[in-house]
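Here are the chains, one letter per residue:
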Amino acid sequence: MPRDHLNAAEGGGEQMTRLDLPLLLPEILDDRDRCVARLTALLERRDGIGRVHVVLPGELPPGEAVDGDGARVLPAIGPQLCLHYDPHRVTLGQVRTVARLAGAEVSDQFAHAIVPFREVATEDEGSRMEERLIAIPGVTAAAVNFAGQVARIEYDRRLLDAPRLERELRAAGVVRATPAPTPAAPAPAAPAAPTRGPSLAGLGALGGWYAAHRELAWSLGSGMLLGMGWIIERFVVGRPGLHAGVPLVLYAAAYVLGSRDNVGHFLHDLRRGRFRFDIDLLMVVAAVGAAVLGQWEEGALLLFLFSLGHALEHYALGKARGAIAALAELAPQVARIRRPDGTEAAIPIDQVVPGDQVVVRPADRIPVDGQVVEGRSGVNQAPITGESAPVDKVPGDTVFAGSVNGEGSLVVSVRAAVGDRTLDRVIRLVAEAQTQKAPTQQFTERFERLFVPAVLVADLLLILVPPLLGLWTWSEGFYRAMALLVAASPCALALGTPAAVLAGIAQAARNGVLIKGGAHLETMGTISVLALDKTGTITSGEPVVTDLQPTAGTEEALLLTVAAAAEQRSQHPLARAIVRAATARGLALPSTGDLEAVTGRGVRAVVGGDRVEVGRLLMFEDANVTIPLSLRDSVAGLEAAGRSTMAVRRLPRESAPGGPEASPAGWLGVIGVADEPRAGVRETLQRLRTAGIRRLVMLTGDNHGVGESVGRAVGVDEVRAGLLPEDKVAAIRDLAAHGRVAMVGDGVNDAPALAHATVGIAMGGAGTAAALETADVALMGDALDRLPFLIGLSHRARAIIRQNLYISLGVIALLGIATVWGAAGIATAVVVHEGSTLVVIGNALRLLRYRES
């Protein structure tokens, strides 16, 4: 049942409730998913339900700040759906039921699928494929990354089931590769064989090579025919017995092989009633124009080099796609489980279920996420978290699928089935990230839509105007126009950015950093301010009790026992520290009754029949409680020493909260807790400055003394302390005045600030699903040392994207001038054109070798 929050704030007869969005829509990717809009629209049409909107984790919109008891609503871990309803027309129970039914209705109706494909063509095939996918009845949205060879499809299950979607994909000309389902829905089953090209089954290795390199084979065939025709024309024609038309026949055959894909795409569009001004059309028109002028060899050379260039582009981009695909190969397909009778058996990984015990031998790759129950070993987690050194694992420690065991044997209790492992989530999110277009890519696509028709218009003017003015002959004008078509083809412009994004995301994933889209990869390179949460980010997040200062007449054991009893059901890091300290002393903790958490302040609980309050002085001040001066002095001294403090107060059950006390004996004392900075944090922050971050700010809910103490130790520029979740959001907005802001946190408590930052970065992605789901970037390891790598990679990616833009636009400009001027012909234009495309791809692939300097 979804966790919900009922708010009793009544205004105009209206009440509100909040329900966990991921539980209403378990298949959504994030709160911006189209299915959220569908659910909202569906609920707002229900009788008695008014406004429906999404509330991000930790946000408390106006009118929702208190619950039925007058206490603040605790921040949620995930996004929630807030429903405003009329209690006179519908009950809370009915609202919950309607919301769950509506969520099930949307989830049952709509699905998402990540569809890999294999296509070698011009870069316009991506937008062409998007049009074909959206035209499929039942598909509601589609996004295609041609460089990544992956498409994301949203479809209506009522109109389109998986088998029919598979058939429609075949009919639309999408050649499927290995399916990669999203968390939303399984992708349709992969076809048994590609649907294009003749079948060469039975030819063994040759047939296999052809299936994998069909485009290269056709291109090389075109080149061979071109070469034969040129040799015969130059050295053989004129000899007895050889007709002069033989070279022309060979050139025509070279045309057929070299233009197979271009013409195929063009005819496919015409059959569907569409006519597109794109790169395919430019090349076909230029080749036909060369033939009309009698320059058959130049037209054949154009089509040969064009098709060869695209085959080589496909191969080069395959390097980046291979780096991403390699993630799926990290986990073994077979696991060795230990049965209850002590015997071992190797079974397929998809048959392993939570609770099974898996035996991992020395040097084996670990196949599951789980907890070590037997054995000790050093485990190389670099494939998942990017950590350079093996991590020692003992019973109780967590291991991840895809990591490599060291010299010892381990027995691991499985915690997640296939599909729910950290590695599986990373693979799904990386596949999704490939379909998110970077800002520069969106710009180039808009530019192309205007540029290609403009080139065709300029070409027509070039054919007509100069000959009419007597500047050159009609044939010369036509030839230069055809050469301009080649020169102005924006292939390099279309591929430069997506190739860089693909390589950047792949290299980041290989180094323990998950970037959820090209936009975030680009934006990270513009960040000038970095805000970091303290607890669990700069510090280890495992505070320890350092000081016990009881009041007069109170023993330390009593102070610690009462505080630990009140905190034993709380999950706050400071609460756990107090409980650990009491456990370490062997103190017996009495049972605890009702627990009330006061956000950012402390807790109230019933312990042994008495009311106990443990928290910051601010909690007591809010309740107008008189605080003894000696207690304030103790707190001030501990906070000056960099300790977090919690005052402990015990009252008999009959005492009213905040009422007059019989004696100061109600105060038991103050507990000091410290959370030490992580090892190497100061050095990491210095590397961030070197990488281009101008301002480092630490945000913490702790008091100023603690914040300043930690801030001085690690060397941040500014410390903002005493912040509640909403205060951190305000701090992010304030820091935005100094430049673009990235926020680093644990992905749960810091979710509101992460959502409001330019880029939200979650730590510990390998440990929690929430960290992967709430932020734009996730550091898979629970440490900051990957941040400088991320910043450096983003700067390098932005630099390469700009370089590719300059190269592609520069070549178009220079080659365009040269062809119009007559200094370059079709052959020169096609060589330079294809060369520039391969240059920008090669430049982008340099990101696969990026290492932090």
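See above for the structure.
Throughout what follows, the structure given in this document is the object of discussion.

## Some details on a nonpolar patch on the surface
Inference 1: On the surface, Val457, Leu460, Leu461, Leu464, Val465, Leu468, Leu469, Leu471 and Trp474 cluster together into a nonpolar patch covering about 920 Å² of accessible area.
Inference 2: It is helix α14 (residues 439-469) that provides the largest number of residues to the nonpolar patch, a total of 7 residues.
Inference 3: Residue placement: Leu469 occurs in helix α14.

## Some thoughts on unusual backbone geometry
Inference 1: Phi angles above zero are rare outside glycine, and Ala363 is one such case at about 70°.
Inference 2: Of note, Ala363 is situated in the loop between β10 (357-360) and β11 (369-374).
Inference 3: Unlike most non-glycine residues, Asn624 shows phi in positive territory, near 60°.
Inference 4: Along the polypeptide, Asn624 turns up in the loop between α21 (617-622) and α22 (629-640).
Inference 5: When its relative accessible area of 67% is taken as the criterion, Asn624 is described as exposed.

## Quick word on the environment of Ala827
Inference 1: Inspection of the secondary structure assignment puts Ala827 in helix α29 (residues 826-845).
Inference 2: Residue Ala827 is classed as partly exposed on the basis of its relative accessible area of 23%.
Inference 3: Linking Ala827 and Leu302, residues 525 residues apart in sequence, is a C-alpha distance of 6.4 Å.
Inference 4: What Ala827 contacts, discounting residues up to four positions off in sequence, is Glu298 and Leu301.

## Digging into helix α16 (residues 491-510)
Inference 1: The end-to-end C-alpha distance of α16, which contains 20 residues, comes to 28 Å, matching closely the 28 Å that a straight helix rising 1.5 Å per residue would cover.
Inference 2: Taken from the residues just after α16, Gly512 is the one with a positive phi, measuring 80°.

## Focus on the side chain of Arg604
Inference 1: Residue position: Arg604 is located in strand β21 (residues 602-607).
Inference 2: Classification of Arg604 by relative accessible area gives buried; the value is 15%.
Inference 3: At 3.4 Å, the side chain of Arg604 forms a polar contact with the side chain of Glu613.

## A word on the nonpolar core
Inference 1: Leu530, Leu532, Ile761 and Leu787 are the most contacted members of the largest nonpolar core, which has 65 residues in total.
Inference 2: With 10 residues, the top contributor of residues to this core is α16.
Inference 3: Sequence-distant contacts of Ile761, that is, excluding residues within four places in its chain, are made with Met524, Ala742, Met743, Val744, Gly745, Leu754, Ala775, Val777, Leu779, Leu787 and Leu790.
Inference 4: The next biggest cluster of nonpolar side chains, apart from the first, holds 40 residues, and it includes Ala286, Ala290, Phe304 and Val830.

## Focus: the sheet that holds strand β26 (residues 718-720)
Strand pairing in a sheet takes place through backbone hydrogen bonds and is either antiparallel or parallel in direction.
Inference 1: With respect to topology, 7 strands assemble into an open sheet ordered β17-β29-β28-β27-β18-β25-β26, the strand pairing being mixed. For this open sheet the edge positions go to β17 (513-515) and β26, each flanked by a neighbour on one side alone. Put simply, the sheet's adjacent strands are angled 20° from each other on average, direction ignored.
Inference 2: Summarising the sheet, strand β18 (residues 529-533) and strand β25 (residues 695-699) pair through 5 bridges and their orientation is parallel. Directly across from Val529, in β25, lies its bridge partner Arg695.
Inference 3: Here helix α28 (residues 787-821) sits on the sheet and contacts β17, β18, β27 (741-745), β28 (759-763) and β29 (777-779); the angle it forms with β17, its principal contact strand, is near 40°.

Conventions adopted
- Residues numbered from 1 in each chain as written.
- Predicted model: local features only at pLDDT ≥ 70, side-chain atom pairs only at ≥ 80, totals over all residues.
- Heavy atoms only, no water.
- Patch = residues over 30% accessible without salt bridge, like charges linked within 9 Å, V, L, I, M, F, W, Y side chains within 5 Å.
- Areas by Shrake-Rupley, 256 points an atom, 1.4 Å probe, with all protein chains shown as cover.
- Salt bridge = Lys/Arg side-chain N within 4 Å of Asp/Glu carboxyl O.
- Helix = DSSP H or I, 4+ residues; strand = E, 2+ residues; numbered from the N terminus.
- Buried < 20%, exposed > 50% of the residue type's maximum accessible area, 1.4 Å probe, protein only.
- Contact = heavy atoms within 4.5 Å.
- Expected span 1.5 Å × (residues − 1).
- Polar contact = N/O pair within 3.5 Å; in protein donor to acceptor, adjacent residues only side chain to side chain.
- Core = buried A, V, L, I, M, F, W, Y, C linked by side-chain atoms within 4.5 Å.
- Pairing = 2+ DSSP bridges.
- Axes fitted to C-alpha atoms, helices over the stretch in contact; angles between N-to-C directions.

These results come straight from atomic positions and should not be treated as a statement about function.
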